[in-house]
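Chain by chain, the residues run as shown.
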Amino acid sequence: MINKKKIHVCVFCGSKKGKDFNYFGKAKKLGYYISENNWNLIFGGGSQGLMGALADGFNSSKAKMISVIPTALNKEKILYQNNTKKILVKNLSVRKQKMIKLADIIIVMPGGFGTLDELLEVLALNYLKIINKKIIILNFNNYWNPLKNLILKMKKSDFIDDENLTKLYFFKNLDKAIKFIKNNL
């Protein structure tokens, strides 16, 4: 599908590297793929962990790197310095809303509470039909399987009507996820 509009890809991921160093390499590769496809990157702006690796892999001569940062975290030692654009917001809640609003598609990598919070916000908004955004879960080493199982349990227990309303897609392979995005934009 050919689309003349510049695509904005939001990535939610950990500000830590995690135990599995492969996550770090995959984050860097994801940053590279996003820029090579001439898609703009929206992310939390951190220089540490998977966020930093994502930014390190991104080639800003190909597309824009947009960081959305709460004023409390606007500190030189923790922020990635080579952003194309930095958007300062009041707090983490507003940050999340801004990132979701700017995004055409959401990608979620392994992460901690912040990443989970961001993912659940998008799931809920999609489910309630407030937004309509595809969510790509990069399920490396089955990291997100507990969430996948919980969603199935919610469905079986009649707490959600149709998990497809969430527009949630799980991928274990980064190349397949990128191909899916290209075919669905």
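The numbers attached to residues start from 1 for each chain and follow its sequence in the written order. Per-residue local features of the predicted model are confined to residues with pLDDT of at least 70, and side-chain atom pairs are confined, for both listing and counting, to 80 or more; whole-chain, interface and lining totals are unaffected and use all residues. Here the side-chain values reflect all heavy atoms present in the structure, with hydrogen atoms and water set aside.

Trainee: In this structure, what is going on with the layout of surface pockets? I would like to understand it.
Mentor: The rolling of a water-molecule-sized probe over the atoms marks out the regions of remaining empty space. Any residue with an atom within 4 Å of a point lines the site, the site being either a cavity, points on a 1 Å grid over the protein atoms alone where a 1.4 Å probe fits but cannot get out, or a pocket, an open set with protein on both sides within 12 Å along at least 5 of 7 lines. Grid points are joined across faces, edges and corners, and a volume is the space filled by probe spheres set on the points. Roughly 490 Å³ of volume is contained in the largest pocket. Forming the walls of the largest pocket are 24 residues, and the residues nearest its centre are S15, M51, L73, L92 and R95. Each helix corresponds to a stretch of at least 4 residues labelled H or I by DSSP, and each strand to a stretch of at least 2 residues labelled E; elements are numbered beginning at the N terminus. For the lining of the largest pocket, the secondary-structure elements that each account for two or more residues are strand 1 (8-12), helix 3 (92-102) and helix 4 (113-127). For the lining of the largest pocket, the element with the most residues is helix 4, which contributes five residues. The residue classification treats Ala, Val, Leu, Ile, Met, Phe, Trp, Tyr, Cys and Pro as nonpolar and Asp, Glu, Lys and Arg as charged. All others, Gly included, are polar. The residue makeup of the lining of the largest pocket, split by class, is ten nonpolar, ten polar and four charged.

Trainee: It is not clear to me how the pairing of strand 6 (residues 134-138) should be interpreted in this structure. Could you clarify?
Mentor: The side chains of a regular strand alternate, first on one face of the sheet and then on the other. We call a residue buried when its accessible area falls under 20% of the maximum for its residue type, exposed when it is over 50%, and partly exposed in between, using a 1.4 Å probe and counting protein chains only. Of all five residues making up strand 6, four are buried, and the element is well covered by its neighbours. Sheet analysis places strand 5 (residues 105-108) next to strand 6, joined by four bridges and oriented parallel. In the sheet register, I107 faces strand 6, and the bridge partner there is I136. Orienting the strands away from the viewer, one traces the path from the first strand over the helix to the second; a clockwise path indicates a right-handed crossover. After leaving strand 5, the chain enters helix 4 and then returns to the sheet as strand 6, a path that is right-handed. Strands pair, by our definition, only if DSSP identifies at least two bridges between them.

Trainee: What am I meant to see in the packing of aromatic side chains here?
Mentor: Geometry of an aromatic ring pair is reported as the spacing of the ring centres plus the angle between the planes. Stacked, tilted and edge-to-face are the three classes applied to pairs of Phe, Tyr and Trp rings, where Trp contributes its six-membered ring and a pair requires centres within 6.5 Å; stacked means planes under 30 degrees apart, edge-to-face means over 60, and tilted covers the rest. Using the criterion set out here, one finds six aromatic pairs in the structure. Taken together through their ring pairs, the aromatic side chains of Y23, Y143 and W144 make up a single cluster. Only when the NZ atom of a Lys or the CZ atom of an Arg is both within 6 Å of the ring centre and within 35 degrees of the ring normal do we say a charge sits over the ring. Over the ring of F140 we find K26, and its NZ or CZ is 4.8 Å from the ring centre.

Trainee: Would you mind showing me how to read the side chain of K133 here?
Mentor: In this fold, K133 is placed in the loop between helix 4 and strand 6. By definition in these notes, contact holds between two residues if any of their heavy atoms fall within 4.5 Å. Contact partners of K133, with chain neighbours within four places excluded, come to I100, K101, A103, D104, I106, N126, T166 and K167.

Trainee: I would appreciate a short explanation of the nonpolar core in the present structure.
Mentor: What tends to happen in soluble globular proteins is that the nonpolar side chains get buried as a cluster. Counting residues in each nonpolar core, the largest one holds 35 residues, and the members touching the most others are V11, L30, I34, M109, I136 and L138. Going through the elements one at a time, strand 1, helix 1 (21-36), strand 2 (40-43), helix 2 (49-57), strand 5, strand 6 and helix 6 (174-184) are the ones with two or more residues in this core. Take this core: its biggest share by element is six residues, from helix 1. Here, the term nonpolar core denotes a set of buried Ala, Val, Leu, Ile, Met, Phe, Trp, Tyr and Cys residues that are joined through side-chain atoms within 4.5 Å. Core analysis: the next-biggest nonpolar cluster, separate from the first, contains 24 residues, I42, V89, M99 and I131 among them.

Trainee: Any chance you could explain helix 2 here in plain terms?
Mentor: Side chains of residues three or four places apart in an α-helix project in the same direction, reflecting 3.6 residues per turn. Counting buried positions along helix 2 yields eight of nine residues, so the element is predominantly enclosed. Along helix 2, the positions that sit buried rather than exposed are G49, L50, M51, G52, A53, L54, A55 and G57. Of the surrounding secondary structure, the elements contacted by the buried residues of helix 2 are strand 1, helix 1, strand 2, strand 3 (65-70) and helix 3.

Trainee: It is not clear to me how the packing of helix 1 against helix 6 should be interpreted in this structure. Could you clarify?
Mentor: The description of two packed helices rests on the angle between their axes and on the distance between the axes. To get an axis, fit a line to the C-alpha atoms, keeping to the stretch in contact for a helix; angles then go from 0 to 180 degrees between the N-to-C directions. Two elements in contact, helix 1 and helix 6, have axes whose closest approach is 11 Å; the angle formed by their N-to-C orientations is 25 degrees. Between helix 1 and helix 6, the angle is such that the two are roughly parallel. For the element pair helix 1 and helix 6, the recorded crossing hand is right-handed. Along its contact with helix 1, which presents K26, K29, L30 and Y33, the element helix 6 presents L174, D175 and I178. Among the residues making up the contact of helix 1 with helix 6, the classes are represented as four nonpolar, no polar and three charged. Every angle not falling under 35 degrees, over 145, or within 65 to 115 is termed oblique; those three ranges are roughly parallel, roughly antiparallel and roughly perpendicular. The sense of a crossing depends on the near helix, which, turned anticlockwise from the far helix by less than a right angle, makes the crossing left-handed and, turned clockwise, makes it right-handed.

Everything listed here is a matter of geometry and, on its own, says nothing about what the molecule does.
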